[in-house]
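Structural description and commentary
The primary structure of each chain is shown beneath.
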Amino acid sequence: MTMELQSLVLIAIATLGFISLCNHLAKFLTWVWVMFLRPPKNLKQYGSWALITGSTNGIGKALALELASKGLSLVLVGRDPLKLKATCQQIQEENGGNASVKTIVIDFSKLRGDEIAKKVEEGIAGLDVGILINNAGLSYPFPRFLHEVDLEMAESIIGVNVVGTTWVTKAVLPGMLKRKKGAIVNIGSGSSVAVSSYPLLTIYAATKAFIAMMSRSISLEYKQHGIDMQCQIPLLVATKMIPIRRSSFFIPSPETYSKASLRAIGYDQICVPYWTHSLQWCLIRALPDAVVDWSLFWYFSGMRKRGQEKLQKKNKQ
């Protein structure tokens, strides 16, 4: 009887182990499919025009160039007319002068929500805008404690990340509803979903958490109307937003990231498009929150100190 019981226990343990192995294998194969094998959607099916905010630098500019190469017409939104003009010229040069590009000059940090929506509505009147990419984002010049953030900086971050994203989306949605199709992509941040806290960049992280929740909620509101809503989570990308300008295995260039970004459009509500970012996310989530919290506080404290030193030198000059 004892031997029979032992055999049953061993069989039960082996069965559970096999089920666990199959589960992990299925997750791994799904990850491989999503990252490398899943076919991208035909973005032209959403409409012939794509609107991109924050389109003159970094990820936004790379996305604009990539979308233009796929034959989509573009509406570029930015606050600097000269940079918008330069981006338009580059797009035309890389596409043999055949790209259709319009620009809208908006400084999200200085306008009310209704003013932003009005400018966008006027700029896209009569256009079949099928894709909206809310890429414009603003963070601190360097990490700092909350009491060190002045009113102007706080309002600018909230204005760009929250107010701008919300009201541009609100302005574009009616046209998508009328045509019963569209794709909206909000560029989020690992600070909002990959970690339990983001010390010394509190307001920035909180605005990105708003973006993630907004994306989840709108996805449920408008999926039935043919509109795909998605929040993409980049970790570190070699842009002006971070002090690292050179790309590497874990830190892609904006051009590399943009290709992964476009392949993910139309699928998951929340996603990490770039494969090495996905690996990093898994590693971070496997660590205890206390370890991640301490590591981030230590890392950003060092960045804060270096930022203060540079600011002091600049003020002395």
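Higher on the page you've got the structure.
Quick look at the structure, then. Counting of residues starts from 1 at the beginning of each chain's written sequence and follows it residue by residue. A pLDDT threshold of at least 70 governs which residues receive local features in this predicted model, and a stricter bar of 80 or more applies before side-chain atom pairs are shown or counted, although totals over entire chains, interfaces and linings include all residues. Each side-chain value is worked out from all heavy atoms of the structure, with water and hydrogens disregarded.

1. Notes on the pairing of strand 5 (residues 182-187)
Relative accessible area decides the class of each residue, using a 1.4 Å probe on protein chains only: under 20% of the type maximum gives buried, over 50% gives exposed, and in between gives partly exposed. What counts as a helix is a DSSP run of H or I of at least four residues, what counts as a strand is a run of E of at least two, and both are numbered from the N terminus. Judged by how many residues are buried, strand 5 sits mostly within the fold: six of six residues are covered. Alternating residues of strand 5 divide into G182, I184 and N186 and A183, V185 and I187, and every residue in both groups is buried. Should DSSP find at least two bridges between two strands, the strands are regarded as paired. Pairing of strand 4 (residues 129-134) with strand 5, which is carried by four bridges, proceeds in the parallel orientation. Each bridged residue has a counterpart across the sheet, and for I131 the counterpart in strand 5 is A183. Looking down the strands as they point away from the viewer, one classifies a crossover as right-handed if the path from the first strand across the helix to the second runs clockwise. At this point the chain moves from strand 4, through helix 5 (residues 151-179), to the parallel strand 5, and the crossover so formed is right-handed. One ladder, built from six bridges, connects strand 5 with strand 6 (residues 227-232); its direction is parallel. In the strand pairing of strand 6, I187 is matched with Q232.

2. Focus: the pattern of salt bridges
Where charged atoms from two side chains of opposite charge approach closely, those side chains can pair. Take a side-chain nitrogen of Lys or Arg and a carboxyl oxygen of Asp or Glu: if they are within 4 Å of each other, that pair is a salt bridge. Applying the stated criterion to the full structure yields nine salt bridges. Residues D107 and K110 are paired through a salt bridge, measuring 3.9 Å at the closest nitrogen-oxygen approach. By relative accessible area, which is 19% here, D107 ends up buried. Given a relative accessible area of 67%, K110 falls into the exposed group. Residues participating in the shared-partner salt-bridge network are K41, K223 and D228.

3. Points about the nonpolar core
Residues belong to one nonpolar core when they are buried, are Ala, Val, Leu, Ile, Met, Phe, Trp, Tyr or Cys, and are joined through side-chain atoms within 4.5 Å. Within the largest apolar cluster, 28 residues are counted, with the highest numbers of intra-cluster contacts made by L43, L67, L74, L76, I91, I131 and I133. In terms of residue count, helix 2 (residues 58-69) provides more of this core than any other element does, six residues in total. Setting aside its immediate chain neighbours within four residues, L76 contacts I52, S55, A64, L84, T87, C88, I91, V101, K102, T103 and I104. Ranked by size, the runner-up nonpolar core spans 27 residues in total, among them I104, I124, V168 and I218. What makes two residues a contact is simply this: any of their non-hydrogen atoms within 4.5 Å.

4. Quick look at the side chain of T169
Of note, T169 is situated in helix 5. In this view, T169 contacts L132, N134, I184, N186, M214 and I218; residues no more than four positions away in its chain are not counted.

5. Description of helix 3 (residues 81-94)
Working rule for helices: expected span equals 1.5 Å times residues minus one. Taking 1.5 Å as the rise per residue, helix 3 with 14 residues should run 20 Å; its terminal C-alpha atoms sit 20 Å apart, in good agreement. Residues of helix 3 that are buried sit in contact with helix 2, strand 2 (73-78) and strand 3 (101-105). Directly after helix 3, the chain includes G96, whose backbone phi takes a positive value near 60°.

6. Brief notes about unusual backbone geometry
In this structure, K180 takes a positive phi of about 60° despite not being glycine. Along the chain, the position of K180 falls in the loop between helix 5 and strand 5. K180 sits in the exposed class, given a relative accessible area of 59%. Its identity is not glycine, yet L200 carries a phi of approximately 75°, on the positive side. When you line up the elements, L200 lands in the loop between helix 6 (190-193) and helix 7 (202-222). Owing to a relative accessible area of 4%, L200 belongs among the buried residues under this scheme.

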